[in-house]
Amino acid sequence: MPRPTFLSRWFSPRHTTPDISTAAHPTPNASSHLAPPTSPAFSHTATLSHAAPHKPAAPSEAARQFPHAVSHSPHHALSHTTRDTDRTPRQEPRLNVPRPNPAPTSPGIGPRDMAETLRMQSLPAQADVFRPYQPPKGVRGDGRTHLAMDSAASSNPGLLGWLRQAVAEGTAFPGYPRLAELSQRAEYRHMVEVIAAEATREWITFRARGTADKKQRLADIEREFTRLNVRDVLRRMAEYDGYYGMGLLYVDTGQPRTGGGLETPLLLRPETFRKGSLRALVPIEPVWTTPDQYDTANPLSTEFYQPSRWWVQGGLLHSTRLLQFVSRPVPDLLKPAYNFGGLSLSQMARPAVENWLRTRQSVSDLLNAFSIVALSTDMSAYAQDPEGLLSRIEAFNRFRSNRGTFVLDKDREKLELLNAPLAGLDRLQAQAQEQMCAVAQEPLVKFTGITPSGLNASADGEIRVFYDRVHAFQETLYRKNLTTILHMVMLNLWGDIDPDIDFTFVSLWQMDELARATLQKTRADIDAQNIRSGIITPAEARSRTAHDTSGQYATVSLAAKPPAPPTPSA
């Protein structure tokens, strides 16, 4: 049986090299060693002992089996010693295989040393968590400089202690294949899809500042966003962020993949972004990408742990052509290990989901066998016939039903039903389910569709809080890159960027018709009061009303002459 690897600290390694000697070992005065020969068969310095000085002996069985290891070449300088042939038996050639130096042994093997060795064997390498992400073969091109190995983190004792705790708690990056597997479970998929769907459900509305009529430009932008399918693309970015911790969006401007054009920056200027060049927005999963260049020396640099170029399945792209969506970034020390992405929602919710699955299965197992039938009988009566007892029990289990009958000896036997208490199991299972919602910050009615129970129970407060959380998520994940996409669309349509056109996220909390009409009346009263006070002009109030897409006057043309104000009645 092979010795475990962790015992090599106290024991020398054992060898299974066959012993090809056929006689006893010679005495130290009756044997000598050969110098290492020049034959390739002796490239690992095997020594040969020979005890027959006068003539070569016939090859033994071991020599015939290992002809490459035993040699009788006359070029070997043999040293002979005088011996008494009558008393010393003849010996066959023997191969002495060199053995490595034994490991230093400890004075004793204590339980504490053994436990420490087993613990160190169970831990991964110290720098595994900080080791940069290794992409699949083909993602990174050949002939390029590889990522710098940040080995300084593995020499800090404080970081090593934190590393052991992180590995024990499962906070190390699990890898994209494992995260892709988790996305198949309903628990992970629901919490990710709910946030992604809510973040793009009401979408955005475009608005223009100033008194100029820009309704046509706003309509052109909406049509271009529809052509590029921006809404669905950003929904997929939110899903990638939840599953993998990062989503990447490639801006296709018609630049060929070869030729080095994709390595140049994509500047948002009329000179560099030609009109009509924006073709499509392509979502890319992070498993097909890896960064090429980033600064790790100067924390004051804008490129400090910010990749300037990315590999995408063997092709090199500048970061301005590959928009990055990360809502939960990790510290700089962990960015190389996370492929410069962020913390995925699946990884965060994994302990809560595993706890829920274990609780759900435990409750199911308990319900499946919560009732046990106990038969009290005289076991000594079946000492000579155990098969009879087993047959009786088997027959009872087979025909057990509401219409079955079990015959008992009323004096010596008793039948009981032992039931496990089931009180409180529903509450324990509900609490485990709510823990998953706490990680995703989603109300239970959104995550599972289960409405609150009880008198006057309502989830309006939780839903309002969840909508505020989604709005913050929109600002964090979408605002910067969505502004970049808006400027690209403007350059693609008109060849310039209109600074007066902006967008805002539509509130998820929608009012009913009565509340909406009350709000419109309040705004009209405020405009009338401001006009009378000289704060704004009627043209400015008319422009605001026309640009309000949620109002009933959104189709008013500002180019037409405004109607004259009514004459006051006498």
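Just above, that's the structure.
Since the model is a prediction, treat every value here as computed from it, not as a measurement.

1. Regarding the sheet that holds strand β6 (residues 289-293)
The strand order β6-β7-β8 describes an open sheet built from three strands, whose pairing is antiparallel. Of all the strands in the sheet, just β6 and β8 (315-318) have a single pairing partner and so form its edges. Across this sheet, the average inter-strand angle for adjacent strands is 35°, counted without regard to direction. In this sheet, β8 lies alongside strand β7 (residues 309-312) in antiparallel orientation, the contact comprising four bridges. In the strand pairing of β8, W310 is matched with L317.

2. Thoughts on the environment of A349
By secondary structure assignment, the location of A349 is in helix α8 (residues 345-368). Assessed through its relative accessible area of 0%, A349 is described here as buried. On a C-alpha basis, the gap between A349 and M436 in space is 6.5 Å, while along the polypeptide they are 87 residues apart. Once residues within four sequence positions are removed from consideration, A349 is found in contact with Y188, M191 and V439.

3. With respect to a nonpolar patch on the surface
There is a patch of nonpolar side chains on the surface, built from L367, F370 and L422 and spanning about 230 Å² of accessible area. By secondary structure assignment, the location of L367 is in helix α8.

4. Describing the sheet that holds strand β9 (residues 322-325)
Strand order in the open sheet formed by three strands is β5-β4-β9, with antiparallel pairing between adjacent strands. A strand with exactly one partner marks an edge of an open sheet, and here the two such strands are β5 (280-284) and β9. Sheet twist, expressed as the average angle between the axes of neighbouring strands with direction ignored, equals 25°. Note that strand β4 (residues 247-252) and β5 share five bridges and pair antiparallel. Directly across from V251, in β5, lies its bridge partner L281. Sheet contacts for helix α13 (residues 479-494): β4, β5 and β9; angle to β9, the most-contacted strand, approximately 150°.

5. Examining helix α7 (residues 230-244)
End to end, α7 covers 20 Å across 15 residues, agreeing with the expected 21 Å (1.5 Å per residue, within 8%). Most of α7 is tucked away: 11 of the 15 residues are buried. Just downstream of α7, G245 is the residue with a positive phi angle, here 90°.

6. Considerations on the packing of aromatic side chains
On inspection of all chains with the given rule, the structure shows 16 aromatic pairs. Centroid distance F325 to Y478: 6.5 Å. Interplanar angle 75°. Geometry classified as edge-to-face. With a gap of 153 residues between them, F325 in strand β9 and Y478 in the loop between α12 (460-477) and α13 connect regions that are remote in the sequence. Using a relative accessible area of 1% as the deciding quantity, one classes F325 as buried.

7. Regarding the environment of S376
With respect to the helices and strands, S376 occurs in strand β10 (residues 371-376). Along the sequence, S376 and L408 sit 32 residues apart, while their C-alpha atoms lie 9.9 Å from each other. For S376, the contacting residues outside a window of four places in its chain are R412, E413, K414 and E416.

Cut-offs applied
Residues numbered from 1 in each chain as written. Predicted model: local features only at pLDDT ≥ 70, side-chain atom pairs only at ≥ 80, totals over all residues. Heavy atoms only, no water. Pairing = 2+ DSSP bridges. Helix = DSSP H or I, 4+ residues; strand = E, 2+ residues; numbered from the N terminus. Axes fitted to C-alpha atoms, helices over the stretch in contact; angles between N-to-C directions. Buried < 20%, exposed > 50% of the residue type's maximum accessible area, 1.4 Å probe, protein only. Contact = heavy atoms within 4.5 Å. Patch = residues over 30% accessible without salt bridge, like charges linked within 9 Å, V, L, I, M, F, W, Y side chains within 5 Å. Areas by Shrake-Rupley, 256 points an atom, 1.4 Å probe, with all protein chains shown as cover. Salt bridge = Lys/Arg side-chain N within 4 Å of Asp/Glu carboxyl O. Expected span 1.5 Å × (residues − 1). Phe/Tyr/Trp six-rings, centres within 6.5 Å; stacked < 30°, edge-to-face > 60°.

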